[in-house]
Every structure is written in structure tokens, then in C-alpha cells.
Amino acid sequence: MLVSVLFAGVGGQGVVTASDLLAHCALGAGWDVKKAETHGMAQRGGSVVSHVRLADRGSVRSPLIPEGQADYLVAMELLEGLRALSMLKPDGKAIVDVRTIMPITVASGQRQYPEGLEERLRERGLVIEATAEATRLGEPRAANSVLLGVLSCFLPLAEEAWRQAFEGGFKPKALEVNWQAFLLGRTLAVARGK
Amino acid sequence: MSDTDRLLLSGNEAVALGAWQAGCRLASAYPGTPSSEIVPALLRWADKLGGHVYAEWSVNEKIALEVASGASMAGARAMVTMKHVGLNVAADPFFTLAYTGVEAGLVVLVADDPHMHSSQNEQDTRIYARHAGVPMLEPADSQEACDFGRLAFELSERFDTPVLIRMTTRVSHSQSTVRAMVGRQEREPGGAPLNPQKYTMIPAYARARHRLQLDRLAEVTAWAEETTINRIETGEGKVGFLTAGIAYEYLREILPQAPVLKLGLSYPLPVEKLRRFREGLDRLIVIEELEPFLYEQVRALGVEAERLPDAYRLGELTPARLAVGLREIGVESETAEEATCTEEPTEDLPPRPPVLCPGCPHRGVFYTLSKLKTLVTGDIGCYTLGTLEPLRALHTCLCMGAGLSQAHGVSKATEGGQKVVAVIGDSTFTHTGIPALLNAVYNRGSFVAVILNNRTTAMTGGQEHPGTGRNLMGQEAPSLDFARLAEALGVELVLKLPAEDLSSLEAGLKQALAQEGLSVVIVEGPCVLQYRVRGDVFGVDGEICAGCGMCLRLGCPALVAEEHDDRQWPRVDETLCTGCGLCAQVCPKKALAPVSSRR
């Protein structure tokens, strides 16, 4: 089985860190893994995507997901979710934080932030108040862990493999709040019928 | 880490591991995306697994290659890394090193950037390999990056030649699994031989070496026929493919069963293997990113072949793009079906370009320059972003160090009639800016040279340079004094201005522009990312703000506009604000102030 997950967000939101956690979780479970992103310009507040591809048997070939072939889209911001939506399979699932971050083209008044994003993305999957939930846990930056918790309910990777990836991916003082956020994401996914 | 561990490594980390295994003792580089992580990764491997490695940020790629060549001559295995355009700078030693050859292995690693994710052009390094007559390895994933990193040193010593490893952004920055041995093959440097026939390239000796170089290429070609890194993968059908690097992985994604000749050594070509592969095929299609490098050589051999339409010379291949390109020349695949029938129409969404960070010390300079409305010749670095809306205060970007010389050329052409400001970052100034400034002073140029001193190489991730007071080995180092250097070169007016004070910037720049001749303005302010600069966050007093939008002209991501009543009402995003206070300085109503001052 080949699973392709596209992460999308804004430079500085932790797109690369979140995709690393998934990659290391699958690696720990014995899967083949490839992953692609670009560094540099993208990090200066621009759009960022990270491609993660996993295979439980055989090997992954291209690190890039072909257009329209992502099984899951994990978006940390609504506009970036919409921008990446063409990468999703017709029956793929989007997992999106309701958060909005104004691009400079909107903040400086040249363009309008599009309306109705939440509704459009809801049609393609789950829209989650991840930042709000993480803020309630005392760490808004754990929003990505909430999203990963939701994603984890769709993937055949054991909770123990996730735990190991989290232990390898976070400094001790950030680990527990992120793990709580992850578990919260799992609960939310189940509550939404998954 | 043991011999059987499966590691998830980026191509850059993996090639560094291969170099470590090969006993690389010296690595030199100037940072450049996507190659910057390799040399630091090599130091980390040495730290973790043992073995002596010396590494440095050289001031530019030419010098980095010369340092590595000296080390190789002295018997130490050496590697130099750079981005594609870096090889233009290093081309001078590169071509002649192909004549001299090496003592210990010498590896030149160049990372190309198809699609220009973070570059000013998308030149194809493979053509350099052929032009200089240097063997070239092209890894397709991290496992090959590691294996070829090791092999490159072996080939270099076996054939007495520098070896080029060509990577691309997708190979350098993608991660994939690597199984690696942890052994290291040490070679103790015995010192450089006194061998002028080999290393002193006067015409008489160089002619002999050029002949030897051609003989050596013939030997490498013979090796290319034998090696398993150039392999024929038999398959179904009569349409076969010749490919190398990341394009191989894309092809395998789309057509897992097709016959393929996959090259690991993509220069020189294994001619006989190619002819053998071609026999029995109806069509041979060459799949490569950027230039028709392999294709033209294949055709020159008289072997019939095809390639993707010319439009595919531009930008990066992706699996979907390759599938669509193949369909255009009559090769069908499932990927092409799916890629051309995605549900979502592409729509006109507001773009999210990269921006100068909140609190960036470059913002005030560009805001001031945009008010002064002079021509600004730019350079390579974060500050190139000063060209975008709303600042639009930088008008050229050609190559490292060019801004100073372009300004000089403009001032000479217009006989001082057009005022010009050249801006250059501190690291870029040390790279190629110093000779440019010297040239302008010597030739009695007339412009304002602005050195943006943020005390790091910011764009590539914050590397040390001669102005930061530290080097890559973590040692303290002499810190270049830009003002004293400018004075020593003969610049008469040298000003130092604080990046965070708009009125000083404006007064200083106006003073410099009014001056006849050449002046240097050093703008001092540390990179907010690298030095984690954080002050009191600012807020807008809604009762005072008139919605004039002046603060929004700074293009600060922490200021968000809300439009109503035909006016633009700013709001400060407190999670992003670093408290630089520029917005308060431009506000005519004094509606912006530190939040703490109001509590």
C-alpha cells in the first residue's frame, strides 16, 4: 500500500516538523519513506508544502506526489488548504485547521482574502479548530499535533509508533503538551465519525 | 547507529555521510541553496562517528575549490560544495584542475536548482562536466547520494581527476531511507609533492596534461561500460528510456515496467552499453531535467532517440508533468490520466510570496530608498525581497557582487547624471563585493554603496562569515571591520547608520547622495531570525488611527489591514511583531506604540 500525504501551510508554521513526525513514525514501523520539501525562499512567510509518501511493502519511487494523487491533505491554514486542494485525490481526505493568516498581498490591501473557504474545505474532509484546541492546552504551537492526531486515525500506524516519533521529534519540555494535543486530535476524529 | 540501521536522510546528509565514509578530511564551501547543509552535516557525522574533519566557510566558491585542491595535493581527501551558480565563480580553477588531477580524492559537489526555488537562473551543471572533461555522478535518491559520495573519492584517486557530483534541489532536499556502513577509510596526508610537471600549468606542462586528460576520459568511459551504477533494467514493451538522477524516480513512478538504461555516471557516456540497449527497441526516449544534455550526445553518436517537447527544458520535472509530457509524444500512462482530470480548477488565489521578516533590519533601508526614488542596484540575499510590493525599492539582481559594479557602470554611462545606490549584504560583500568596491574606487566611480550588515548569511540559514567573529569550526575569528576596509580602499565618505532609525537613515542616505564621488554607508542591525531579536510588541490605538495606511507601506507581515469606509485600518498581529518600532516612526498620528506603555 502506498500512502501519500501532503502538508500545506505558511513558512514558520511548522509544516516541515509535522511532516517529519509522520515520516519517522512510518520509518519506525518498518515502512519505506520518502519526503520532499524546498527550503530557502519558502521559509520567509511564503507558502510551504511538504510531500510525504509511505509504503508498507515495496518501495516508494518519486518523493513528489503527482497532481491529484494525495490520499490526505493536512493544511494548517485555510487559504493554503485551498491552494493545495488540486493535489488531493477525488476521494482523498482534507484535514484542515480553521486558522487564517493574511498573506502580504492581502495585508497590504492589494487583494482580498477569499470567502467561503471553510465550507469548501469541509466538503472535502474535516475542518478542525486545531489552534483553538491547542491554545486551550496552553500551547498554540501544538496545533499541528492536533492535526496529526486526526490524521493518525486514518492510517494503519500504531499509537506506539507515533509515540516513538514524538519522543524523537520534540525536546522533553515540549513533548507532553504535543502528545496531549495528538491524543486530543484522535478523540476529535472519533467524535467526527472516524 | 549500527551497520544495519535504516536512516531517513536528506540527499545532503547522505552525501555527507558518503564523504565521511570515504575519509574526507577537508570540506570547504560558500553557502548556497540547495547545497548549504552538506558541509555542516559532514562535521556532525565526524562528531558522531569519529575521524578528523576540518571544514570552513570560504569567502567564495573559487577560493573554496582552491583550498580543497591544495588539501588534495597534500594528500587529504577533500570536498567542495556549492550551488550551480557557484561553479561559475569556481570555473577558473575547475577547468585547469581537470588537467592537473589530484593526489588524494577531490570531489566537487554542485547542486542545481531547476525551477529556481531559490536562485536567479536554472543553468545545468552537467554541461560543465563535459566542457571541462570531468567525470560526473548523479544520484537519484539518498541511498545513491551516500554511495556515490563514497565512490566519487575512489574514482578521483583511481583516475587522477576531480570528480563532479551533480545533485538537484529534489535530491538534496528530499529525504529517503539509507542503509549505510559506518566504517571510514582513512588516508593520512603525506604532504604535497614537488611536481611542477603535474601542478604548474605553464603552457609546456599544460599541453602534456591536456593529452593525459583525454586519455583518462577514455579510461573512465571503459569503466562506465562495466560499472553496475549504469544499468540496463529490462522490461516490457519496445519503448525504452535513458535517464539519470531524480528523473529516473519519476519515470519509475509512472512506468514501473518500461525498459530503462539508468545512468549513475552521466558523464562520460557508456557508448557500447547504450548501443546494446537501443538494439531491439522501437523507440528510445531520453528523460532529463533542464538541458538536452544526454539527448544531444546520444544523437551525436548517430543513435536515434527522442525527447520531451522543448517546453520541458524549463523548470522542474514532476511525475505529473513528466506523464503529460510523455503523452504529448505518444506514451500513455495512468498518471497522465489522473493528472489531467483533477476536480479542482486552478483559480486565482491571492499569492503568498516570501517577505522580509517582521523586524527585519533591511525594511527601514528599503522604505527610505523607496521614498528617495533613486535607482537601486541590488544583489543576492534576503534583501533581494526589497524588490517586491509594497517596497519596490530594488531594481536589479544579477549575480553575487554585481550590484556595486552595475552602479559604477550606470554612473559612468550617465557621467554622474543618474544617482545610483548599490545595496549589498555583508556576506555577499565578502564573497565578491570587495574587488567590485576596489574597482569603483580606483576608477573614480560616483555612487552610494550600502552595505547591509546583519551579521550573518541570512538567506541560506544563517552561516558565519568573516564579519561575524566566528568560523565554521566554532572558533573565534577576527571580525572584518567594513568601515576601516572601505577607508583603506580609498573611500572618502564612510557612514555607519542604525537600521532601526528611519530619520538617521534618511539623513545619512541624503548626505551620501549629495556627495560627489563614491561613498559607503554601512547599515547596522542584526538579523532578527538568527539573533532572535524580540522587543515589546506594538499595538494600534483605534481612537487615534486615521486609517491612512502609511504603516502598511512598510510591508510588515505583522501589520494586517482591514478595509472599510474606503480606508485601511491596521491591526498588529502580536504573535509576529518583534517590536522594531518602524511602524510607529512612520505613523503621522502617533497611533502606534508599545502595548506595555499603555497598560
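Residues numbered from 1 in each chain as written. Chains lettered and ligands numbered in written order. Predicted model: local features only at pLDDT ≥ 70, side-chain atom pairs only at ≥ 80, totals over all residues.

Draft legend 1. Spatial organisation of the overall build of chain B. Secondary structure summary: chain B contains 20 helices and 23 strands in total. Taking 599 residues into account, the globule formula puts the C-alpha radius of gyration at 25 Å, and chain B, at 27 Å, falls close to it. Taken along the three principal axes of its C-alpha coordinates, chain B extends 80 × 65 × 55 Å. The burial tally for chain B puts 53% of its 599 residues in the buried class. For chain B, long-range pairs separated by at least 24 residues make up 75% of all intrachain contacts whose partners lie at least 6 apart in sequence. (Helix = DSSP H or I, 4+ residues; strand = E, 2+ residues; numbered from the N terminus. Rg over C-alpha atoms; globule rule 2.2 N^0.38 Å. Buried ≥ 20, exposed ≤ 12 C-beta atoms within 10 Å, placed from the backbone. Contact = placed C-beta atoms within 7 Å.)

Draft legend 2. Structural view of the sheet that holds strand β5 (residues 88–97) of chain A. Judged by pairing direction, the sheet is mixed, and its eight strands sit side by side in the order β6(A)-β5(A)-β4(A)-β1(A)-β3(A)-β2(A)-β8(B)-β1(B) without closing on themselves. The sheet is open, and its two edges are formed by β6 (125–128) of chain A together with β1 (6–10) of chain B, each paired on a single side. For this sheet, the mean angle separating the axes of adjacent strands, direction not counted, is 20°. Pairing analysis gives six bridges linking strand β2 (residues 32–37) of chain A to strand β3 (residues 47–55) of chain A, with the strands arranged antiparallel. Looking across to β3(A), one finds that V33(A) is bridged to L54(A). Contacting β1 (2–10), β2, β3 and β4 (70–75) of chain A together with β1 and β8 (174–179) of chain B, helix α1 (residues 15–28) of chain A runs over the sheet at an angle of about 5° to β3(A). (Pairing = 2+ DSSP bridges. Axes fitted to C-alpha atoms, helices over the stretch in contact; angles between N-to-C directions.)

Draft legend 3. Up close: the packing of helix α3 (residues 61–73) of chain B against helix α4 (residues 84–100) of chain B. Residue and element names in this part refer to chain B. Interaxial distance between α3 and α4 falls to 7 Å at its minimum, and their mutual angle equals 35°. Of the residues in α4, those in contact with E61, K62, A64, L65, E66 and S69 of α3 are G86, L87, V89, A90, D92, P93, F94 and L97. Classifying every residue of the contact of α3 with α4 by side-chain character gives eight nonpolar, two polar and four charged. (Nonpolar A, V, L, I, M, F, W, Y, C, P; charged D, E, K, R; others polar.)

Draft legend 4. Layout of the pairing of β1(A). Residues and elements named next belong to chain A. The element β1 is extensively covered by neighbouring structure, given that eight of its nine residues are classed as buried. Where β1 lies against β3, nine bridges are found, and the strand directions are antiparallel. Opposite L6, over in β3, you have H51 as the bridge partner. Alignment of β1 against β4, held across four bridges, turns out to be parallel.

Draft legend 5. How the structure looks around helix α8 (residues 172–191) of chain A. Residue and element names in this part refer to chain A. An ideal rise of 1.5 Å per residue puts 28 Å on 20 residues; α8 measures up with 29 Å between its terminal C-alpha atoms. Looking only at α8, the buried set comprises N178, A181, F182, L184, G185, L188 and A189. For α8, the angular spread of the buried residues around the axis is 165°, confining them to a single face. Along α8, the residues that are exposed and aim more than 90 degrees away from the buried face are P172, V190 and A191. G193, located one to two residues past α8, shows a positive phi value of around 95°. (Expected span 1.5 Å × (residues − 1). Arc of directions from axis to C-beta.)

Draft legend 6. Structural view of the interface of chain A and chain B. Chain A puts 46 residues into the contact, and the matching count from chain B is 48 residues. Bridge count between β2(A) and β8(B): three bridges; the pairing is antiparallel. When the bridges of β8(B) are listed, K34(A) appears paired with S176(B).

Draft legend 7. The arrangement of the sheet that holds strand β18 (residues 493–498) of chain B in detail. All names here are of chain B. If you walk across this open sheet you meet the five strands as β15-β16-β17-β19-β18, and the pairing is parallel. In this open sheet, the two edge strands, each paired with only one partner strand, are β15 (375–377) and β18. The average undirected angle you get between the axes of adjacent strands in this sheet is 25°. The sheet contact formed by β18 and strand β19 (residues 519–524) spans six bridges and is parallel. What sits directly across from V494, in β19, is V520.

Draft legend 8. Looking closely at the nonpolar core. Ranked by internal contacts, the top residues of the largest apolar core, which has 247 residues, are L73(A), L147(A), L42(B) and V450(B). When residues of this core are assigned to their parent elements, the largest contribution, nine residues, is made by α1(A). With residues up to four places along the chain from it excluded, the contact list for L147(A) reads V74(A), M76(A), I95(A), D97(A), I128(A), A130(A) and G185(A). (Core = buried A, V, L, I, M, F, W, Y, C linked by C-beta atoms within 7 Å.)

Draft legend 9. Here's a closer look at the packing of helix α16 (residues 402–413) of chain B against helix α17 (residues 426–442) of chain B. Residues and elements named next belong to chain B. At a minimum axis distance of 8 Å, the contact between α16 and α17 shows a crossing angle of 20°. With respect to α17, the element α16 is oriented roughly parallel. For the element pair α16 and α17, the recorded crossing hand is left-handed. Across from L404, S405 and H408 in α16, the residues of α17 making contact are G433, A436, L437, N439 and A440. Split by residue class, the contact of α16 with α17 holds four nonpolar, four polar and no charged. (Parallel < 35°, antiparallel > 145°, perpendicular 65-115°, else oblique. Left-handed = near helix turned anticlockwise from the far one by under 90°.)

Draft legend 10. Examining the pairing of strand β17 (residues 448–453) of chain B more closely. Residue and element names in this part refer to chain B. Taking burial as the measure, the six residues of β17 include six buried ones, the bulk of the element. With five bridges joining them, strand β16 (residues 420–425) and β17 adopt parallel strand pairing. For G425, the partnering residue across the bridge sits in β17 and is L452. Assessed by its sense of winding, the connection that carries the chain from β16 through α17 to β17 is right-handed. For β17 and β19, the ladder comprises six bridges, and the chain directions are parallel. Of the residues in β19, the one forming a bridge with V448 is S519. (Right-handed = clockwise from strand over helix to strand, strands pointing away.)

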